[in-house]
Every structure is written in structure tokens, then in C-alpha cells.
Amino acid sequence: MTEKTTLIIGSTGKTGRRVAARLQDRGLPVRAGSRSGTPPFDWADPATWEPALRGVDAAYITYYPDLAAPGASEAVRALAALAVRSGVRRLVLLSGRGEPEAATAERAVQDSGAEWTIVRASWFFQNFDEGHLLEPVLGGTIALPAGDVAEPFVDADDIADVAAAALTEDGHAGQVYEVTGPRLLTFAEAAGEISRAAGREVRYVPVSADGYAGMLMEYGVPAVEAEVLAGMFAEILDGRNAHLGDGVRRALGREPRDFTGYVDAVAATGVWKG
């Protein structure tokens, strides 16, 4: 275990805040890598990177809005190189499963000279209660450009457990962990499980990529980000990820959490009651 500072880039995000909490629970010093952090970190402002990396031994890297966004891999490459020059020893990258653009960012981290671990994930369980799908769930209709494709939804808590282990323990350097849940679900099946747990109907409706981008903009997502997300979803929701990975088992020695347990726990909080 290390007692040196770990930088969590995206420390307010779904996985970042969970990783930070796990390290803090172990009494390890954590630096928040966000625009509100001290010092601040902003992907759009490279001048903030060096101060955030100063005195850091390991870093968890998440890129906003997604590694498929234009310029993402170049930014990750520049950050990884700067991190190594700044004395950062270990880098853990949250990557996208089935995203060709993400593979370029992975190579940038792998070529940096640091000890590296790649954590590849696709759809989080928590998109349904903490992310952009919460409002559609509350409205009773989940519309996505996914057809009837099955996805290996994964719990953000499992991702955080894997990332925390890679950041603080030996034995994970040079590993690519494909993290998934224990079974495949279509979005219609996921909506059905949410319906059962929430006690009201939530249905899934397939839409086109353009239609989905328009819906995101109606929810206040900036046009450029909406188009990137819609294009990415339409691309990766084509069945390429319709298989399970063993990353959770390999990294942690246990099975991943199941979607049913997640929906039951969330329903008990009342968040899906509106």
C-alpha cells in the first residue's frame, strides 16, 4: 500500500467520487481533480494540470465528456507525459469498452512510461439513477438508439473497487480489466426490472441517433456534447459489447454485482418515485 497522494481526475463523477471515498476510507491522501478542486483541474485548461499533478504518486484518469470526444486521446497523451515528468508513478485509466477512439487513449497511457492499468467499462447501472437516464425513468420512458441489443451493464461500485485496487495495490500494473456485470440485459429487460422494483411502468423505446441527440438537448445537454454522445451510443450499441468480461473477478477475486440487487437497493431509497 502507498501513503502518497493520489489524484482523482473526475472526482465528482460517478466513479471518481467512489474511488476517492474508498481511498479516504483507507486513510490515504486524495487530491480532487476537478474545476472546484484545490488546486483546480480542468481538461480544457492545460495550465491547471501541472499544479494538480505536483507531489502526486498515482492518478485515476477519467475524461469528460468521453474518450470518443474530439481531442480526447491527444489530451490524455499530453497529461500522461506530463504526469511522468512530474514524478507520477502509477496511472489508472477508465476507458470505454468497444470504443475505437478509447483504444488510442489507452495506448497513450501504456506508452507513457508509468505503471499503468486500464479499466474498460460500458454502461453503468447508475446511469439510471444518478445520470442522464434518471429523468427518463421518472417520466416512464427510456428512449435510446440501442435497438434490442443486449449490454453487460456494470455497477460503478465494482469499477471503483477495481480502480482503487489498481491505484493502491501491487499486481495490477500492465493489466487491462474488462469490467462487466454477471449477465447481459437488453434495455427493455433493464426497464422491466426497474418497473418491478419501482412499482410502476417504465418502458424502453428505441430511437434514432439524431432523435436521441435532440432529446439530450431538450434536457439541457450542450449541442456538441449531445451529438458526440448520440453518435457514440449509436456506434457502440450495435452488439459489439454483447459479451461478458472477467475484469472484476481477475482484479478482486469475486463475482461482479448483479443488476437486480442494484434496482432493489435504489428503489428502496425512493429516488424513482419522483
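For the structure itself, consult the block above.
The rules behind each value
- Residues numbered from 1 in each chain as written.
- Predicted model: local features only at pLDDT ≥ 70, side-chain atom pairs only at ≥ 80, totals over all residues.
- Heavy atoms only, no water.
- Helix = DSSP H or I, 4+ residues; strand = E, 2+ residues; numbered from the N terminus.
- Rg over C-alpha atoms; globule rule 2.2 N^0.38 Å.
- Buried < 20%, exposed > 50% of the residue type's maximum accessible area, 1.4 Å probe, protein only.
- Contact = heavy atoms within 4.5 Å.
- Areas by Shrake-Rupley, 256 points an atom, 1.4 Å probe, with all protein chains shown as cover.
- Lys, Arg positive; Asp, Glu negative; His and termini not counted.
- Charge placed at Lys NZ, Arg CZ, Asp CG, Glu CD.
- Pairing = 2+ DSSP bridges.
- Axes fitted to C-alpha atoms, helices over the stretch in contact; angles between N-to-C directions.
- Core = buried A, V, L, I, M, F, W, Y, C linked by side-chain atoms within 4.5 Å.
- Parallel < 35°, antiparallel > 145°, perpendicular 65-115°, else oblique.
- Nonpolar A, V, L, I, M, F, W, Y, C, P; charged D, E, K, R; others polar.
- 1 Å grid on protein atoms, 1.4 Å probe; cavity = no way out; pocket = protein on both sides within 12 Å on 5 of 7 lines; lining within 4 Å.
- Points joined across faces, edges and corners; volume = space filled by probe spheres on them.
- Phe/Tyr/Trp six-rings, centres within 6.5 Å; stacked < 30°, edge-to-face > 60°.
- Right-handed = clockwise from strand over helix to strand, strands pointing away.

**Looking at the overall build of the protein chain**
Each helix and strand counted, the protein chain has 11 helices and 10 strands in total. The C-alpha atoms of the protein chain give a radius of gyration of 18 Å, which matches the 19 Å a tight globule of 274 residues would have. In terms of overall dimensions, the protein chain has a C-alpha envelope of 50 × 40 × 30 Å along the principal axes. Counting all 274 residues of the protein chain, 54% fall into the buried class. Sequence-distant contacts in the protein chain: of pairs separated by 6 or more residues, those separated by 24 or more amount to 78%. Of the roughly 11,300 Å² that the protein chain leaves accessible, carbon and sulfur atoms contribute 51%. Averaged over its 26 positive side-chain charges, the protein chain has a centre that lies 5 Å from the centre of its 38 negative ones.

**Some words on the sheet that holds strand S8 (residues 175–178)**
Paired through their backbone hydrogen bonds, the strands of a sheet run either parallel or antiparallel. With respect to topology, six strands assemble into an open sheet ordered S2-S1-S3-S4-S5-S8, the strand pairing being parallel. Edge positions in the sheet fall to strand S2 (30–33) and S8, since each of these pairs with one other strand and no more. This sheet shows a mean twist of 15 degrees between the axes of neighbouring strands, independent of strand direction. Note: strand S1 (residues 5–9) against strand S3 (residues 56–61), four bridges, orientation parallel. Its bridge partner being in S3, Leu 7 is matched across the sheet by Ala 59. Strand contacts of helix H1 (residues 16–25): S1, S2 and S3, with the helix running at about 165 degrees to S1, the strand carrying the most contacts.

**Quick look at the nonpolar core**
Ranked by internal contacts, the top residues of the largest apolar core, which has 36 residues, are Phe 128, Ile 142, Leu 144, Phe 187, Phe 259 and Trp 272. Of all the elements in the fold, those that place two or more residues in this core are helix H5 (134–139), strand S6 (141–144), helix H7 (187–198), helix H8 (209–218), helix H9 (223–236) and helix H11 (259–269). In terms of residue count, H9 provides more of this core than any other element does, six residues in total. Dropping the residues within four chain positions of it, Phe 187 is found in contact with Trp 123, Phe 128, Leu 144, Ala 146, Val 149, Glu 151, Phe 153, Tyr 204 and Leu 237. Of all hydrophobic cores here, the second largest spans 30 residues; its members include Val 56, Ala 75, Leu 93 and Ala 102.

**Describing the packing of helix H3 (residues 72–85) against helix H4 (residues 100–110)**
Close contact between H3 and H4 brings their axes to 8 Å; oriented N to C, the two are set at 10 degrees. When the interaxial angle is binned, H3 and H4 end up roughly parallel. Of H4, the residues touching H3 (which contributes Ser 73, Val 76, Arg 77 and Ala 80) are Thr 104, Ala 105, Arg 107, Ala 108 and Val 109. Residues that form the contact of H3 with H4 fall into these classes: five nonpolar, two polar and two charged.

**Focus on the layout of surface pockets**
The computed volume of the largest pocket comes to approximately 1,300 Å³. What lines the largest pocket is a set of 41 residues, among which Lys 14, Tyr 63, Tyr 64, Pro 65 and Asp 66 lie closest to the centre. Secondary structure elements with two or more residues in the lining of the largest pocket: H1, strand S4 (90–96) and H9. No other element matches the five residues that H9 contributes to the lining of the largest pocket. Along the lines of polarity and charge, the residues of the lining of the largest pocket split into 18 nonpolar, 15 polar and eight charged.

**Some remarks on the packing of aromatic side chains**
Taken as a whole and judged by the stated rule, the model has 16 aromatic pairs. Centroid distance Phe 128 to Phe 153: 5.8 Å. Interplanar angle 55 degrees. Geometry classified as tilted. Remark: Phe 153 occurs in the loop between strand S7 (150–151) and helix H6 (156–168) and Phe 128 occurs in the loop between strand S5 (115–121) and H5; sequence separation between them is 25 residues. Overall, Phe 128 belongs to the buried group, its relative accessible area being 0%. For Phe 153, a relative accessible area of 2% gives the class buried. Both rings, one in Phe 153 and one in Phe 187, keep their centres 5.1 Å apart while their planes meet at 80 degrees; by these two values the pair is edge-to-face. Here Phe 153 is found in the loop between S7 and H6, whereas its partner Phe 187 is found in helix H7, with 34 residues between them in sequence. What makes Phe 187 buried here is its relative accessible area of 2%.

**Remarks on the pairing of S5**
Buried residues dominate S5, accounting for five of its seven residues. Bridge count between S4 and S5: seven bridges; the pairing is parallel. When the sheet's bridge partners are listed, Arg 90 is paired in S5 with Glu 115. The parallel pair S4 and S5, bridged by H4, forms a crossover whose chirality is right-handed. Where S5 and S8 come together, four bridges link them in parallel fashion.

Shape descriptors only; they carry no functional weight alone.
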